[in-house]
Amino acid sequence: MIEINFKKRYPGLLLDVAVSAPAQGITALFGRSGAGKTSIIQAVAGAVRPDEGRIAIGTRVFFDSTQRIDMPIHERRTGYVFQDSRLFPHLNVRRNLLYGFARASGEKRITLDAVVDLLGIGQLLDRRPHHLSGGERQRIAIGRALLSQPTLLLMDEPLSSLDPPRKAELLPYIEGLKHEFGLPILYISHAFNEVARIADHLIIVDGGQIVRSGPLLDVASEPELSPLIGRFEAGAILACNVLRHDEAVALSTLTFFGSQLRVPQVDLPIGASLRIRIRARDVAIALSPPADVSISNQLPGTLISLTVREGPYVDAAIDIGGQTIRALITRESADRLKLTPGGKVWALIKSVSFDGRSVGFTRRAAPISPPDDA
């Protein structure tokens with residue numbers, strides 16, 4: 001378990017953190033700029049000294065004010081990836097990578113070959129940083145951090161300086177880290193689409209405080225967090241499996257808890273697990289299944305709640321097979337349909353609303369058998 005419990009006073013801000021997270025997978029710290037996310041992981045790394053508190057990773061205590069423990073940075077063995085790559089411009093890629101390896105202490109479990117293979121950088125080893133794209137430089141920065149043999153990887157908005165194509169290029173490599181090396185990762189971002197794709201655990205930070213912490217699939221669907229996540233970014237994240245591919249129409253069918261979704265074809269085998277992000281703004285509500293309409297995904301459910309938002313909006317939570325999907329509609333529509341909690345409704349979701357930001361690979365799974373009528 002990762003335990004982060006400390007106070008740090010800054011001019012105009014009290015950072016008062018009390019949170020724990022699993023010592024496995026990717027834990028994302030999400031919040032607006034200035035919320036205190038970077039200060040939290042700098043305290044974990046040892047670059048910021050708390051005024052009081054305790055920071056520990058499993059049985060290794062990094063900081064404990066009552067016991068007067070303040071482990072030096074180099075002994076904490078945390079790998080740090082910054083917003084910019086911070087590569088040495090006078091060294092080629094190989095020597096940048098080996099800089100982290102040479103400085104590592106203790107057993108060297110992560111090898112250069114393993115990092116090169118995972119990050120797909122074999123063809124870059126003899127190049128200098130100024131001959132690399134932004135995405136390539138960040139891959140090298142990740143590799144250097146890994147070769148420092150960390151017990152914890154800290155990533156401070158590693159994609160914030162990249163354009164959308166470079167972000168899309170790098171995300172699969174970050175997804176692969178937890179599976180390949182089993183390292184716990186603390187990942188900072190203020191872009192919810194990144195968090196939704198790669199995180200397992202979510203910590204929401206606002207004004208130096210921890211607003212909410214828990215498994216991503218649970219926290220991301222809570223309607224009261226919409227103001228922090230963003231009105232048009234909020235929604236639900238579902239764990240799904242690939243049921244079948246329809247090559248002729250370039251669509252895939254996914255299953256979740258007895259329901260199905262049609263999405264643009266995903267490059268995953270039958271039975272693979274993945275997560276789907278459904279934005280509330282992409283969901284419409286009907287009182288009966290509509291006919292003669294282009295929307296393929298028509299899911300029956302029960303209305304759980306209606307939450308009035310700023311302006312004309314209402315956030316509707318819908319239970320579908322034990323999973324909560326949310327719809328962002330207008331108050332006028334809610335009144336016209338006479339929506340009330342407990343009522344039966346249909347959630348309508350266009351297949352084209354799912355794009356590269358909405359579909360995230362999680363892990364390979366054993367193949368599942370399609371139903372007899374598939």
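Analysis parameters
- Residues numbered from 1 in each chain as written.
- Predicted model: local features only at pLDDT ≥ 70, side-chain atom pairs only at ≥ 80, totals over all residues.
- Heavy atoms only, no water.
- Pairing = 2+ DSSP bridges.
- Helix = DSSP H or I, 4+ residues; strand = E, 2+ residues; numbered from the N terminus.
- Axes fitted to C-alpha atoms, helices over the stretch in contact; angles between N-to-C directions.
- Buried < 20%, exposed > 50% of the residue type's maximum accessible area, 1.4 Å probe, protein only.
- Contact = heavy atoms within 4.5 Å.
- Arc of directions from axis to C-beta.
- Core = buried A, V, L, I, M, F, W, Y, C linked by side-chain atoms within 4.5 Å.
- Parallel < 35°, antiparallel > 145°, perpendicular 65-115°, else oblique.
- Left-handed = near helix turned anticlockwise from the far one by under 90°.
- Nonpolar A, V, L, I, M, F, W, Y, C, P; charged D, E, K, R; others polar.
- pLDDT = per-residue confidence, 0-100.
- Polar contact = N/O pair within 3.5 Å; in protein donor to acceptor, adjacent residues only side chain to side chain.
- Phe/Tyr/Trp six-rings, centres within 6.5 Å; stacked < 30°, edge-to-face > 60°.
- Lys NZ or Arg CZ within 6 Å of the ring centre and 35° of its normal.

A few words on the sheet that holds strand E16 (residues 283–286). With antiparallel pairing, five strands are arranged side by side in an open sheet as E16-E20-E17-E18-E19. Looking at the sheet topology across the chains shown, the edges are occupied by E16 and strand E19 (323–330). The sheet shows a mean angle of 45° between the axes of neighbouring strands, taken without regard to direction. Across six bridges, the pairing between strand E17 (residues 297–308) and strand E20 (residues 344–349) is antiparallel. Across the sheet, residue Leu299 finds its bridge partner in E20, namely Ala347.

Mapping Thr78 onto the fold places it in strand E7 (residues 78–81). You can call Thr78 buried: its relative accessible area is 17%. Contact partners of Thr78, with chain neighbours within four places excluded, come to Ala45, Phe62, Pro150, Leu152 and Leu154.

This next bit is on helix H4 (residues 112–119). For the α-helix, the turn length of 3.6 residues means that residues three or four positions removed from each other point alike. Residues of H4 that are buried: Leu112, Val115, Val116, Leu118 and Leu119. The arc enclosing the buried residues of H4, seen along the axis, measures out at 170°, which places them on a common side. Away from its buried face, by an angle of more than 90 degrees, H4 presents the exposed residues Asp113 and Asp117. Elements in contact with the buried residues of H4: helix H3 (93–103), helix H5 (134–147) and helix H6 (164–181). Backbone geometry just downstream of H4 places Gly120 in the positive-phi region, at approximately 60°.

The next subject is the pairing of strand E9 (residues 185–189). Counting buried positions over the five residues of E9 gives five, a clear majority of the element. Burial along E9 is two-sided: Ile185, Tyr187 and Ser189 and Leu186 and Ile188, pointing in opposite directions, are all buried. Relative to E9, strand E3 (residues 26–30) runs parallel, the two being bridged by five bridges. When the bridges of E9 are listed, Thr27 appears paired with Leu186.

In this structure, Leu146, Met155 and Ile174 are the most contacted members of the largest nonpolar core, which totals 34 residues. Only H3, H4, H5, strand E8 (152–156), H6 and E9 provide two or more residues apiece to this core. Counting residues per element, this core draws most heavily on H5, which supplies six residues. Judged by nonpolar contacts, the second largest core, of 30 residues, contains Val242, Leu254, Leu268 and Ile329.

Relative orientation of the contacting elements H4 and H5 amounts to 150°, with a least axis distance of 10 Å. Here H4 is positioned roughly antiparallel relative to H5, judged by the angle of their axes. Judged by the twist between their axes, the crossing of H4 over H5 is right-handed. For the pair H4 and H5, the contacting residues are Leu112, Val115 and Leu119 in the first and Arg139, Ile142, Gly143, Leu146 and Leu147 in the second. Taken together, the residues that form the contact of H4 with H5 break down as six nonpolar, one polar and one charged.

Among the five residues that make up E3, five are buried, leaving the element largely enclosed by the rest of the structure. Side chains Ile26, Ala28 and Phe30 of E3 all project onto a buried face; the interleaved residues Thr27 and Leu29 project onto the opposite face, where all are buried too. With four bridges joining them, E3 and strand E10 (residues 201–206) adopt parallel strand pairing. Residue pairing across strands places Thr27 opposite His201, the latter belonging to E10.

Time to look at the confidence of the model for the protein. Scored by pLDDT, the protein comes out at a mean of 87, with 93% of its residues at no less than 70. Across residues 361–374, confidence stays below pLDDT 50; counting only partners more than four residues off in sequence or on other chains, it has 28 contacts.

The subject of this paragraph is the side chain of Arg197. With respect to the helices, strands and loops of the structure, Arg197 is situated in helix H7 (residues 192–198). Only 3.1 Å separates the side chain of Arg197 from the side chain of Glu175, close enough to count as a polar contact.

In this structure the tally under the stated criterion is three aromatic pairs. With 5.2 Å between their ring centres and 75° between their planes, Phe30 and Phe192 make a pair best called edge-to-face. One end of the pair, Phe30, is in strand E3; the other, Phe192, is in helix H7, with 162 residues separating them in the sequence. Assigned by exposure class, Phe30 and Phe192 land together as buried. Arranged with centres 4.4 Å apart and planes meeting at 20°, the rings of Tyr80 and Phe82 form a pair that is stacked. The class for Tyr80 is buried, based on a relative accessible area of 18%. On the basis of relative accessibility, which here comes to 27%, the residue Phe82 falls in the partly exposed class. Taking NZ or CZ as reference, Lys8 lies 5.9 Å from the ring centre of Tyr10, over its face. The lysine or arginine in question, Arg86, covers the ring of Phe82, its NZ or CZ lying 3.8 Å from the ring centre.

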